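Close look at the chain arrangement
Letter by letter, the chains look like this.
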Amino acid sequence: TGPPRGGRATRAPPGAMAAAPRGRFFCTAGRGLEPFVAREVRARLGATEVDCVSGKVFFRAAVGPGELRRLRSGERLFLLLKRRGPLPVCGNRGKMLHEIKSLVIEEPKYWLDIISVWRKLHGHEGKADGVSHSALVLKRKSEEETNIANKRQKTEQERAVVSEKCQVEAGETCVVPEGMSSQECWIESKPSSEFPSKGCGENPTANEQLSFSFRVSCRCSGAIARILTSQEIGRALGVALVQQCGWRADLRDPDLEIFVHLNDIHSVVGIPLFRLPLANRDYIKTAGLRSTVAWAMASLAEISAGALVLDPMCGLGTILLEAAKEWPEACYWGADISDSQLEGADENIRTADLMDKIELLKASVKALPLPSESFDSVISDIPFGKKFKMMNDAQLLPDILQEMERVLRVGGTLVLLLSAELRGRVAALASCAAGGSAQAPAVAGNSSSSAQGHGESLLSRLLGSLVPEGAYAVSLGKTDAFIHKYRKVSAAGDG
């Protein structure tokens, strides 16, 4: 099941939806965030035919680029061209290449229709996102013209029209779905070209210039990858597109990128809609937690107008920034014990122009200088990993949960991001607190039985007031983590 309702996602205005073409799209997502993307496209875009697979969410919506760009839980957005089942695999490489080309290559009229949809998504005036674009020329060439063009482009074809590796802009980190390499993320190196406001027609004049460039980004996995490489498939598709449509292959500066993903589940062909991933946030100067994960956590917190929201271990403030941008009617507080983290958070808040929405204070999460039951939501990424070895201390986790529970009002929500190790620790303590036979696991560097007893006693009181309402496994790249949601149903110790 998808995540619970929450958030301020709204449907596009009826007028805007009526004017926009109804297109098919898919959005890539970090592993575990697919249900969040599905929920968001339904709520924000009024999407239909929503279908989730590992790393992707497919949907249909009648919206423009403005609404599409506001998606916050996905990585990258594509216009869907083809989606079929896995291609038949055989030992005949030539036959397989023919099947793949049959999937992608169509008559020029097909590509004219696709480009027409793209044009409508970006408006009819030849302007999109303030970027000046080149014209697209599609023409049916005579045999003589074709031969001349093929000779002229031979060297470009040999350069391949494949972008096999993840082309990531400076500072960008790809979140890669399970079972895929970093090649799955495709980042364009320049703005996508707009297409002419005039229709191309099927009989252009003879003096039109061959000016439209493209590249193929191909990713293969599973059985098909044991027969053909991404380079071989991309090269074959590129040469065929040059011959069929008269386009110019350009790996470095293409007007258009064609994304092809072939695996044992499906065969997908799409075109990226935007130059940068949706996950890029221009209002975050120094990145901390992945923005999509931070947004997903905030969406579970049920933030409403006038609510008070706290991140007691705010770090660089990513969770607060994502929440305040999406739900600006609430008030936000962030606490951290580190001066450098608070300085980075303050810089991010100023960059995002949210100084009037977010307050920062220096404080330890174990002793917050805040009144009891004063916040409607508490959201926190509890630090873990080699950099935060102190989180292995058996005493610290119960102390943190005690303070978070204390400042949270009855009926409020607590949303935590935990490592697998911390999640196991919570489960073990909960089992002991409930009188189960399981024993809390030994903690490196602290074998004190009194520390374990202290934790069990606290969890016994806390788990009586904090009721779990969901857990979501997510990927942080090379690390797995879990988003946990709790609701405070009574004051701790009230029974």
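Keep in mind the model is a prediction, meaning the values are calculated, not measured. (Residues numbered from 1 in each chain as written. Predicted model: local features only at pLDDT ≥ 70, side-chain atom pairs only at ≥ 80, totals over all residues. Heavy atoms only, no water.)

Some thoughts on the nonpolar core
Test applied: The set of buried Ala, Val, Leu, Ile, Met, Phe, Trp, Tyr and Cys residues whose side-chain atoms join them within 4.5 Å is what this entry labels a nonpolar core. Under the scheme applied here, a residue whose accessible area is under 20% of the maximum for its type counts as buried, over 50% as exposed, and between as partly exposed, the area being computed with a 1.4 Å probe on protein chains only. In this analysis, two residues are considered to be in contact whenever any of their non-hydrogen atoms come within 4.5 Å of each other.
Among the nonpolar cores identified, the biggest contains 54 residues, and Phe 59, Leu 68, Leu 77, Trp 111 and Trp 247 are the most heavily contacted of them. Apart from the residues within four sequence positions on either side, Trp 111 is in contact with Leu 81, Val 104, Glu 106, Leu 241, Cys 245, Trp 247, Ile 258 and Ile 271.

Some words on the packing of helix 9 (residues 291-300) against helix 10 (residues 318-326)
The criterion, for reference: The axes are straight lines fitted to the C-alpha atoms, using for helices just the contacting stretch, and the angles between their N-to-C directions are given from 0 to 180°. To qualify as a helix, a DSSP run of H or I must reach at least 4 residues; to qualify as a strand, a run of E must reach at least 2; elements of each kind are numbered from the N terminus. Here a crossing is called left-handed whenever its near helix is offset anticlockwise from the far helix by less than a right angle, and right-handed whenever the offset is clockwise. Under the grouping applied here, Gly and all other residues not named as nonpolar or charged are polar, the nonpolar ones being Ala, Val, Leu, Ile, Met, Phe, Trp, Tyr, Cys and Pro and the charged ones Asp, Glu, Lys and Arg.
Axis separation between helix 9 and helix 10 bottoms out at 8 Å; the angle between their running directions is 60°. For helix 9 against helix 10, the interelement crossing comes out right-handed. Of the residues in helix 10, those in contact with Ser 291, Ala 294, Trp 295, Met 297 and Ala 298 of helix 9 are Thr 318, Ile 319, Glu 322, Ala 323 and Glu 326. Partitioned by chemical class, the residues of the contact of helix 9 with helix 10 number six nonpolar, two polar and two charged.

Considerations on the sheet that holds strand 14 (residues 466-475)
Formally: Two strands are counted as paired when DSSP detects at least two bridges linking them.
The seven strands are arranged 11-10-9-12-13-15-14 in an open sheet whose pairing can be described as mixed. At either end of the open sheet lies a strand with only one pairing partner, and these are strand 11 (358-362) and strand 14. If you compare each strand with its neighbour and ignore which way they point, the axes differ by 15° on average. Where strand 9 (residues 308-311) lies against strand 12 (residues 375-381), two bridges are found, and the strand directions are parallel. Within the sheet, the bridge partner assigned to Val 309 lies in strand 12 and is Ser 377.

Some points on the packing of aromatic side chains
Let me state the cut-off plainly: Note on aromatic pairs: the rings of Phe, Tyr and Trp (six-membered ring only in Trp) are paired at centre separations within 6.5 Å, and the planes decide the class, stacked below 30 degrees, edge-to-face beyond 60, tilted for the rest. Two limits define a charge over a ring: the Lys NZ or Arg CZ must be within 6 Å of the ring centre, and within 35 degrees of the ring normal.
Per the counting criterion, the structure on display carries eight aromatic pairs. With centroids separated by 6.0 Å and ring planes inclined at 25°, the aromatic side chains of Trp 295 and Trp 327 adopt a geometry described as stacked. You can see Trp 295 sitting in helix 9 and its partner Trp 327 sitting in the loop between helix 10 and strand 10 (331-336), a full 32 residues away along the chain. Note on accessibility: Trp 295 and Trp 327 belong to one class, buried. A cation sits over an aromatic face here: Arg 69 above Phe 274, 4.0 Å from the ring centre. The ring centre of Phe 482 lies 4.2 Å from the NZ or CZ of Arg 423, which sits over that ring.

A short note on the sheet that holds strand 6 (residues 248-249)
By definition, the strands of a sheet pair up through backbone hydrogen bonds, in either a parallel or an antiparallel sense. Taken in spatial order, the eight strands of this open sheet run 2-3-1-4-8-7-5-6, and their pairing is mixed. Only two strands of the sheet have a single neighbouring strand rather than two, namely strand 2 (48-53) and strand 6. Of the strand pairs in this sheet, strand 1 (residues 23-28) and strand 3 (residues 56-61) are connected by six bridges, and their pairing is antiparallel. Among the inter-strand pairings, Arg 24 is bridged to a residue of strand 3, identified as Arg 60.

Side note on helix 4 (residues 93-104)
Selection rule: Helix span is expected to be 1.5 Å times the residue number reduced by one. This arc is taken over the directions from the axis of the helix to the C-beta atoms. Whenever two N or O atoms come within 3.5 Å, that pair is a polar contact, provided that in protein one can donate a hydrogen and the other can accept it, and provided that, for residues adjacent in sequence, both atoms are side-chain atoms.
Between its first and last C-alpha, helix 4 extends 17 Å over twelve residues, near the 16 Å set by a 1.5 Å rise per residue. Taken together, the buried positions of helix 4 are occupied by Met 96, Ile 100, Leu 103 and Val 104. With its buried residues spanning 90° around the axis, helix 4 presents them on a single face. Capping of helix 4 at its N-terminal end is provided by Asn 92; its side-chain oxygen lies 3.0 Å from the backbone amide nitrogen of Gly 94.

Some details on the pairing of strand 7 (residues 256-262)
Counted residue by residue, strand 7 has seven buried out of seven residues, so it is predominantly covered. Neither face of strand 7 is open: one carries Leu 256, Ile 258, Val 260 and Leu 262, the other Glu 257, Phe 259 and His 261, and all of them are buried. Direction of pairing for strand 5 (residues 213-220) relative to strand 7: parallel, over a ladder of seven bridges. Of the residues in strand 7, the one forming a bridge with Val 216 is Ile 258. The pairing of strand 7 with strand 8 (residues 267-272) spans four bridges and is antiparallel. Along strand 8, the bridge assignment pairs His 261 with Val 268. Between strand 7 and the antiparallel strand that follows it, strand 8, lie four residues.

What about the confidence of the model for the protein?
What counts here: Residue-level confidence of the predictor is what pLDDT reports, using numbers from 0 through 100.
On average, the protein scores 75 in pLDDT, and the residues at 70 or more come to 67%. Under a pLDDT of 50 for its full length, residues 4-19 has, in the predicted model, 35 contacts with residues more than four places off or in other chains. Below a pLDDT of 50 lies the segment residues 124-210, which in the model reaches 181 contacts outside its immediate sequence neighbourhood of four places, other chains included.

Focus on helix 11 (residues 339-351)
Taking 1.5 Å per residue as the helical rise, helix 11 with its 13 residues ought to reach 18 Å, and the 18 Å between its terminal C-alpha atoms agrees with that figure. Those residues of helix 11 lying buried are Leu 342, Gly 344, Ala 345, Asn 348 and Ile 349. With its buried residues spanning 160° around the axis, helix 11 presents them on a single face. In helix 11, the exposed positions angled more than 90 degrees off the buried face are occupied by Glu 343 and Arg 350. Looking at the buried side of helix 11, the elements it contacts are helix 10, strand 10 and strand 11. Where helix 11 ends, the next residue or the one after it, Asp 353, has phi of about 55°, a positive value.

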